[in-house]
Amino acid sequence: MSFDDFLHHLRQDQLSAPNVAHWQVFPARVAALRPLPPELPQLVLESLKKSGIRALYSHQAEAWDAVQRAENIVLATGTASGKTLAYNLPVLAALTENPLARALYLYPTKALAQDQLAVLKEHFTSPEQTETQSKGGSPVNPSFDCDAQTASLLRTWAPVAIYDGDTPTSRRKAVREKAQIVLSNPDMLHTGILPHHTLWAEFFRNLRFVVIDELHIYRGVFGSHVANVLRRLKRIAAFYGARPQFILTSATIGNPAELAGRLVEAPLTLIDHDGSARGEKHFLIYNPPVVDEALGLRKSSIQEAVRLATELLKAEVQAVLFARSRRSVEILLSYLQEGARYSRIDNRNSTNIQPRISNPESPISNLESPISNPQSLIYNPQSPIRGYRSGYLPAHRREIEHGLRSGAVRLVVATNALELGVDIGGLDAALLLGYPGSVASTYQQAGRSGRGALPSAAILVASPAPLDQYLAHHPEALFGRSPERGLINPDHLLILLNHIRCALFELPFSADEGFGGLPAETIQEYLQVLAAGGEAHAAPEKTFWMSDAYPAAGVSLRSASPENVILQTDEDPSTQLRPRLLGEVDRQSAPWMVHPRAVYLHEAQQYYVQELDLERGVATLIPVALDYLTEPLKETSVEVLSVAAEAGQKAWGEIQVTSRVTGFRKRAWVGGEILGQESLDLPPTDLQTTGYWLSIPDETLRTLSQAGLWTNAPNEYGPEWPKIRERVRARDGYRCQVCGRAESGRQHDVHHKTPFRFFMRRAEHPEKARAAANNLANLVTLCPECHKKAESNVRIRSGLAGLGYVLVSLAPLFLMCDAEDLGLHIEPEAFAVNGLPTLVLYDQVPAGIGFSERLFELHAELLARGLEHVRSCACEDGCPSCVGPGGENGLGGKLETLALLKQLAG
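Residues numbered from 1 in each chain as written. Predicted model: local features only at pLDDT ≥ 70, side-chain atom pairs only at ≥ 80, totals over all residues. Heavy atoms only, no water.

Let's talk about the overall build of the chain
Scanning the chain from N- to C-terminus turns up 30 helices and 34 strands. The buried share of the chain, reckoned over its 906 residues, is 54%. Accessible surface, the chain as shown: approximately 38,600 Å² in total, 50% of it carbon and sulfur. (Helix = DSSP H or I, 4+ residues; strand = E, 2+ residues; numbered from the N terminus. Buried < 20%, exposed > 50% of the residue type's maximum accessible area, 1.4 Å probe, protein only. Areas by Shrake-Rupley, 256 points an atom, 1.4 Å probe, with all protein chains shown as cover.)

A word on the packing of aromatic side chains
Applying the stated criterion to the full structure yields 14 aromatic pairs. On the numbers, 5.9 Å between centres and 85° between planes, the contact of phenylalanine 203 with phenylalanine 204 is edge-to-face. Grouping residues by exposure puts phenylalanine 203 and phenylalanine 204 together as buried. Counting every residue linked through ring pairs, the aromatic cluster contains Tyr163, Trp200, Phe203, Phe204, Phe239 and Tyr240. Just above the ring of tryptophan 592 sits the side chain of lysine 634; from NZ or CZ to the centre is 4.9 Å. (Phe/Tyr/Trp six-rings, centres within 6.5 Å; stacked < 30°, edge-to-face > 60°. Lys NZ or Arg CZ within 6 Å of the ring centre and 35° of its normal.)

Examining the sheet that holds strand β16 (residues 411–414)
Here we have 7 strands laid out as an open sheet, ordered β1-β11-β18-β17-β14-β16-β15, and mixed in their pairing. Every interior strand has two partners, whereas the edge strands, β1 (20–26) and β15 (385–388), have only one. Pairwise comparison of adjacent strand axes, ignoring direction, gives a mean angle of 15° for this sheet. Across 6 bridges, strand β11 (residues 281–286) lies against strand β18 (residues 456–461) in parallel orientation. (Pairing = 2+ DSSP bridges. Axes fitted to C-alpha atoms, helices over the stretch in contact; angles between N-to-C directions.)

Some details on the packing of helix α9 (residues 186–193) against helix α11 (residues 220–239)
Between two packed helices, the angle of one axis relative to the other and the distance separating the axes together describe the packing. Axis separation between α9 and α11 bottoms out at 10 Å; the angle between their running directions is 45°. In terms of their interaxial angle, α9 and α11 are classed as oblique. At the point where α9 passes α11, the crossing takes the left-handed sense. Judged by residue contacts, Pro186, Leu189 and His190 of α9 engage Phe222, Val226, Val229, Arg232 and Leu233 from α11. Looking at the contact of α9 with α11, its residues break down into 6 nonpolar, 1 polar and 1 charged. (Parallel < 35°, antiparallel > 145°, perpendicular 65-115°, else oblique. Left-handed = near helix turned anticlockwise from the far one by under 90°. Contact = heavy atoms within 4.5 Å. Nonpolar A, V, L, I, M, F, W, Y, C, P; charged D, E, K, R; others polar.)

What to know about the nonpolar core
Ranked by size, the top nonpolar core spans 63 residues in total, and within it Leu321, Ile459 and Leu478 carry the most contacts. Among the elements that line this core, the one with the most residues is helix α14 (residues 326–342), at 6 residues. Setting aside anything within four residues of it in sequence, one finds isoleucine 459 in contact with Phe6, Leu10, Leu284, Tyr286, Leu308, Ala430, Leu431 and Leu432. Ranked by size, the runner-up nonpolar core spans 43 residues in total, among them Val845, Phe851, Cys875 and Cys882. (Core = buried A, V, L, I, M, F, W, Y, C linked by side-chain atoms within 4.5 Å.)

Some points on the sheet that holds strand β4 (residues 73–76)
Across the sheet, which stays open at both edges, the 7 strands sit in the order β6-β7-β5-β8-β9-β4-β10 with parallel pairing between neighbours. A single partner strand is all that each edge strand has here, and the edge strands are β6 (160–162) and β10 (269–271). Shown here is a sheet whose adjacent strand axes are inclined to one another by a mean of 15°, direction ignored. Here strand β5 (residues 102–106) pairs with strand β8 (residues 207–212) via 5 bridges, running parallel. What sits directly across from leucine 106, in β8, is isoleucine 212.

Quick word on the pairing of β4
Residues of β4 alternate between two faces, with Ile73 and Leu75 on one and Val74 and Ala76 on the opposite face, all of them buried. In this sheet, strand β9 (residues 245–250) lies alongside β4 in parallel orientation, the contact comprising 4 bridges. Bridging across to β9, valine 74 finds its partner in leucine 248. Note that β4 and β10 share 3 bridges and pair parallel. The partner of leucine 75 across the bridge, within β10, is isoleucine 271.

Observations concerning the packing of helix α27 (residues 799–815) against helix α30 (residues 894–905)
Remark: α27 packs on α30, axes separated minimally by 8 Å, with the N-to-C direction vectors making an angle of 70°. In this view, α27 runs roughly perpendicular relative to α30, as classed from their interaxial angle. For the pair α27 and α30, the contacting residues are Gly799, Leu800, Gly802, Leu803 and Val806 in the first and Glu896, Thr897, Leu900, Leu901 and Leu904 in the second. Across the contact of α27 with α30, the residue classes tally to 6 nonpolar, 3 polar and 1 charged.

Describing the environment of phenylalanine 856
Following the sequence through the fold, phenylalanine 856 ends up in helix α28 (residues 851–857). For phenylalanine 856, a relative accessible area of 12% translates into the label buried. Separated by 210 residues in the primary sequence, phenylalanine 856 and glutamate 646 have C-alpha atoms spaced 8.8 Å apart. Leaving out residues up to four positions away in the same chain, phenylalanine 856 has contacts with Ala645, Glu646, Ala647, Lys650, Ala651, Trp652 and Tyr692.

What to know about α30
An α-helix turns once per 3.6 residues; consequently, residues spaced three or four apart project the same way. Spanning 12 residues, α30 covers 16 Å between terminal C-alpha atoms, matching the ideal 16 Å at 1.5 Å per step. When we look at burial in α30, the residues that qualify are Lys894, Glu896, Thr897, Leu898, Ala899, Leu900, Leu901 and Leu904. Considering only its buried residues, α30 is in contact with β30 (685–695), α22 (698–706), α27 and α29 (859–872). (Expected span 1.5 Å × (residues − 1).)

Observations concerning the side chain of lysine 83
Relative to the elements of secondary structure, lysine 83 occurs in helix α4 (residues 83–97). Buried charged residue lysine 83 carries no salt bridge. Nearest counter-charge: aspartate 213, at 6.8 Å. The contact partners of lysine 83, leaving out residues within four places of it in the chain, are Leu75, Thr77, Gly78, Thr249 and Ser250. (Lys, Arg positive; Asp, Glu negative; His and termini not counted. Salt bridge = Lys/Arg side-chain N within 4 Å of Asp/Glu carboxyl O.)

Points about the pattern of salt bridges
In a structure, side chains of opposite charge can pair up when their charged atoms sit close to one another. The final tally for this structure, using the stated rule, is 26 salt bridges. Here arginine 235 makes a salt bridge to glutamate 513, at a shortest N to O gap of 2.5 Å. Here arginine 235 is found in helix α11, whereas its partner glutamate 513 is found in the loop between β19 (509–510) and α20 (520–532), with 278 residues between them in sequence. The same class applies to arginine 235 as to glutamate 513, namely buried.

Some points on the confidence of the model for the chain
Taken as a whole, the chain shows an average pLDDT of 81; of its residues, 83% reach a score of 70 or greater. Per-residue pLDDT, averaged within each element of the chain, yields its smallest value for helix α6 (residues 127–134) (35) and its largest for β8 (98). Taken together, the stretch residues 344–379 has pLDDT below 50 and engages in 77 contacts with residues farther than four places along the chain or on a different chain. (pLDDT = per-residue confidence, 0-100.)

Let's talk about the environment of threonine 690
Within the secondary structure, threonine 690 sits in strand β30. Classification of threonine 690 by relative accessible area gives buried; the value is 13%. Taking C-alpha positions, threonine 690 is 6.5 Å from alanine 847, a pair spaced 157 residues apart along the chain. Excluding residues that lie within four positions of it along the chain, threonine 690 makes contacts with Trp652, Gly653, Glu654, Ile655, Tyr842, Asp843, Ala847, Gly848 and Ser852.

With respect to the pairing of strand β34 (residues 838–843)
Within β34, 6 of the 6 residues are buried, leaving the element largely enclosed by the surrounding structure. Residues Thr838, Val840 and Tyr842 line one face of β34 and the alternating positions Leu839, Leu841 and Asp843 line the opposite face, and both faces are buried. Where β30 and β34 come together, 5 bridges link them in antiparallel fashion. The partner of leucine 694 across the bridge, within β34, is leucine 839.

Section: unusual backbone geometry
Residue alanine 70 is not a glycine yet carries a positive backbone phi of 65°. For alanine 70, the location among the structural elements is in the loop between α3 (58–68) and β4. Alanine 70 sits in the exposed class, given a relative accessible area of 58%. In this structure, tyrosine 734 takes a positive phi of about 55° despite not being glycine. For tyrosine 734, the location among the structural elements is in the loop between α23 (721–731) and β31 (749–752).

Structure, rendered in C-alpha cells:
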C-alpha cells in the first residue's frame, strides 16, 4: 500500500473505521519564499547555492532582517520549519565577516546538543583538515562537531564545539580558545562556564550572539532558574564589554514572546508566521472499540497501537510511535519486533506459535498483551523497528537517528525524547499512544511527521484514562484550544537569593548595581542578608564574596536528581565475557525500574536484575527469556515535620513526602494475569519540602453528608450484603465474567455495573436506593484485575478529588510556575495532623522554593477563583477544564466540588 492507500484503508476497514472518533484535515500550505539576502557574504551565498538553497522561507527572511536591525528575536514556528537555518544563517554570516566574533548556543539538555551535532562528526572536515589528512599529517585545527542543517557552511569555516560535562579535559582549552560557536546547556553554563569566566575572557569579550533553542522547555522551576543564569551571563558579558544579541526558538506555545521576554529581560521581536511548505496533514483521534458494553471496557489501546503500527509497516509508511514511559516503549517494541519476526515464519512452522489469548472465550482476549513467545526476543540492530528513549547510550541513539534519516529504520518507538529537535528527517506518520499531557506536546509529537509538501498523518490512540476519553468525545478541546502558556518566576525569593550568591562569587556587586530587571535597592537587601550570614563582605562601594563555598555547585537548576544509576551486564566467567554497559536510569527511578528481581527491557531483550547497589550507583543484570514481566508496588505518604503558620482550615509548613517500592507483581506476557507477588526491602525515597494543606472541618462534613454530597466515606452496602455477594458468586459459577478465571485461594469481587454511588447520590429513600443498587441484575463477579479495570472506567470523582484538581490547576496562574512544579496528595479520611480529610499541595523540589507559603497567603483568593471557575464552566458534570472528568460511565463530581467550595469559600 501507498500512503494514500493507507488512509483509504483506515476509512474503509471495519476494524478501524468505526473507531475513528474524529478526523481533522489541515490543508496543504504553499511555501512563502523570499530571495536570498543580497548582503549575505559571498562565501555563505555560494555555500547555500551549492546546497540547493536558492530562496528562504518568509520567516527565515524575517529573522534575517530583524537580526540585521540588531533586534533580539523569538522564532515560534512549526516543527521542521527550518528554524535551525533561520538562526544559523545570521550567526555564520557575522562570524564570517568577523573571525573574532563568538556565539553561544544553549540547548535544554546535554543530550539534545549532542543528539543534534554528533550525527555529523563523520561528515565535517575543513579544507585545511582534508588537505593535511591526505598528506598523512594531523589536522591543523581541533576536530569540532557541526550542525546537521548547516554542515556545508561549517565545512569551510567557523569551528564549532560542544562544551559540556562530557567534553574531555584535554579538549576544553582548545574549545575555549578556538571555537567560534560553543554549544552547551544551562547546567554547564551555570556551573562550568560562568564561575570560571576568567578562562573565557576572550570568548565573552567577543560574544556576539546567544541562541536559545527549545524555548518552551524553560518553564516553571527550571525556567525560573535559567532566567537567573541568563542574568548572570549578561552581567559577565557586560563586564567584558559585550552586549550579545539573543535569538530564541520555540515550539507551539501560547505565549512565546512573553516567556522569551521574561527569560532574557530585553525587547524582542516575535516571528510566528510560518512560511514553510506543508503538505496536507490528517489528524485522527482513534478510540479503541468497546468490548463489554455493560462495563464500558474497551479493547487495549496498546494492542490497537500495535495493530495500527503494523498496518503502517505493511504500507511501507515510515512512522514514529510515541509512548508515555520508557517501559511502554520496550513493551511495544517487543510486540512489534516479534510480530515482524512471525510474519516471516514459514507456514509449516506456524504450529509452534503459542496461542495469543489465555482464554479464547473471553470477550477481552488480548486485552493487555498480544505477545506470544517472549523467549524468542533477541536484540537485532538490523531490525527496521527500533526503540528510542533516555537511558540508551549516545552511540546507540546516533545509530537509530542515522537509520531514520537513511530509511533503514521504518518504525521507531519513542518516548518524548524525540519531541525535541533531534534530526531524524521527515516521517510520514506519527502514532501517539495516549494523550501526551498537554496540547503543546500533542502538537509537537504530531509535528514529527511531515516531509515538505507531501501529505502526512498523526493518530492519537486514546487510552482508557478519563482525559483521553474526554478528548475522544470532545475533540474541540484539542483542536479548538490554544496551547498552554509557559510560566516562570525568576524573582522568587529563594531562587533569586541562590543566584545572587552565584553572581557575587563571579563578580563583586557595586552599590548602584541591579540584577537583570531588579533595581539596586532590592539587590542590596539580598546582599545584606548574605553579609549578615558571613557569606559576603560589604565595603563602602562594593560587596565581595567571602565564603569558601562554591555556590553554583550547590544550586540545581532542576528538581530531579542529577545522579544516575549505571546498568551493566554481569561478568560471565564461563565465557570470559566482561560486564557490558547497557545504559542508565536516574537515581529516583532506579528503585522501581531496576529493583532486585525486576525484569528490565532494553531493545526488546529481557534482563533480570540481580543486584541494585544504590551506594555505588550500579545495577547488575543478566539477559533472560522469561514468560512474565514485573510491576513495582509503591506507597506514598506525607508527614508534617513542622507547622510554620496555621489559620482555621489552612496551614503550611515543612513536610516529608516518602515514596517506597514495597514489592512487585509478576504479570504474564500472555493474557496479562498476575502470576504472583513478592515483597522487597528497599530504602524509601524521601523528599523533604514545604507544603500547604487544606482540611475539611467537621461541620462541613456533616452538612455535605446530610445532603448526600460527600462521597469519600466508605460505601454502606447494608447488612444483607454478605449473603447477596455469595449468591452472585454462586450464580456466576465462581468465575470472572470477563476473563473466565476461576477463583483460586482469594474470592473474586462482586462489582456493581451501575455504580452504587449512582443510586445513593442525593437519594430521598436510602433503603430503596440501596436495594435497587444491590439488585442481582446489577451485580457481576469479577477477578481483582478485571474489577480494577472496571472501576477505573466507571470512576466517580469525589468532591475532595475535584477540589484538589481545581486548586492544583489554578495555582500556577498565581505562582507563575509549571503544573509539574507542584505535587498533590489527598487524605480522604483522616490526616495525621488534625484527623480530618485533607488535601496537600507541595513543592516538587527539595527544601521547597516558596510556592506553598504563597498558596497559604492566597488561600481565600484561590478558593474564590476556584468557585468562580467551576461555576462558569459550561460542562454538566465535570471535565478537564474544571474539576476533572470521571470515567466514561462515571461521575465527574462537579456538584460535590461546588458544594465543597461554597462551604469553604463562603
